[in-house]
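# Structure assessment
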Amino acid sequence: MPEPSPTDPALEDVADHLYVIFCDKLPYCGCGTPDAGYRLIHQILTLAPLYEDQRWQQVEALCGTPGAHQLVLAALNDADLLEHGSVISGSWLTDRGRWVLWAIEQIGGIDALEAVIDGPAGYPHDAEGCTDACFTIPAEAKPAP
Ligand SMILES: [Zn+2]
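Okay, so let's go over this structure. These numbers come from a predicted model, not from an experiment.

The subject of this paragraph is the nonpolar core. Counting 30 residues, the largest nonpolar core has Leu-18 and Ile-107 as its most contacted members. Contributing elements (two or more residues each) for this core: helix H1 (9-25), helix H2 (34-47), helix H3 (55-63), helix H4 (66-78), helix H5 (95-106) and helix H6 (110-118). With 6 residues, H1 is the single largest residue contributor to this core. Beyond its immediate chain neighbours, meaning those up to four positions away, Leu-18 contacts Ala-103, Ile-104, Ile-107, Leu-113, Val-116, Ile-117 and Ala-121.

Quick look at the structure:
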């Protein structure tokens, strides 16, 4: 079976950094249904800023219970994908969160993410530390929607 791998080195770099976010910065386990977790994260990031139009309520419904809502938003804030002021439920995107939405589009959308993470993606730069530059949308790129 051919791997769904992008052969473009720039796209490989994007895929490897998505791997860092979803398998290292966010709580992760390969058993169960990790793809359901990726999709939830993508939905929440797409809804941000969550203080607008009461969209935090949609996020709470997606999470199921107030406790799960709190933990998911805390994980997204810890991973530096969202940030918040006085109320975590009203979180908004960080630059890194914007990069994640952009990067998912680059690899073919959220439907492609599981195959990329399970397949060709792995730690970038021989697993040496990433910097903010790794998670910055290239200046020549089109901004995320
Ligand atoms: Zn990096």
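Now that the structure has been shown, we can carry on.
Moving on: H1. Here H1 is 17 residues long and its end C-alpha atoms lie 23 Å apart, about the 24 Å a rise of 1.5 Å per residue gives. Of all the residues in H1, the buried ones are Val-14, Ala-15, His-17, Leu-18, Tyr-19, Ile-21 and Phe-22.

This paragraph deals with the packing of H3 against H4. For the pair H3 and H4, the least separation of the axes is 8 Å and the interaxial angle reads 105°. On the basis of their axis angle, the class for H3 and H4 is roughly perpendicular. Contact with H3, carried on its side by Val-59, Glu-60 and Cys-63, involves Pro-66, Ala-68, His-69 and Val-72 of H4 and no other residues of that element. Partitioning the contact of H3 with H4 into residue classes produces 5 nonpolar, 1 polar and 1 charged.

On to the packing of H2 against H5, then. Two numbers describe how H2 lies on H5: the axes approach to 10 Å, and their chain directions differ by 120°. Judged by the twist between their axes, the crossing of H2 over H5 is left-handed. Contact with H2, carried on its side by His-42, Leu-45 and Thr-46, involves Gly-97, Val-100, Leu-101 and Ile-104 of H5 and no other residues of that element.

On to the environment of Asp-111, then. Mapping Asp-111 onto the fold places it in helix H6. For Asp-111, a count of 11 C-beta atoms within 10 Å puts it in the exposed group. Along the primary structure Asp-111 and Cys-29 are separated by 82 residues, whereas in three dimensions their C-alpha atoms are 19 Å apart.

Here is what the cut-offs are and how they apply
Residues numbered from 1 in each chain as written. Predicted model: local features only at pLDDT ≥ 70, side-chain atom pairs only at ≥ 80, totals over all residues. Core = buried A, V, L, I, M, F, W, Y, C linked by C-beta atoms within 7 Å. Buried ≥ 20, exposed ≤ 12 C-beta atoms within 10 Å, placed from the backbone. Helix = DSSP H or I, 4+ residues; strand = E, 2+ residues; numbered from the N terminus. Contact = placed C-beta atoms within 7 Å. Expected span 1.5 Å × (residues − 1). Axes fitted to C-alpha atoms, helices over the stretch in contact; angles between N-to-C directions. Parallel < 35°, antiparallel > 145°, perpendicular 65-115°, else oblique. Nonpolar A, V, L, I, M, F, W, Y, C, P; charged D, E, K, R; others polar. Left-handed = near helix turned anticlockwise from the far one by under 90°.

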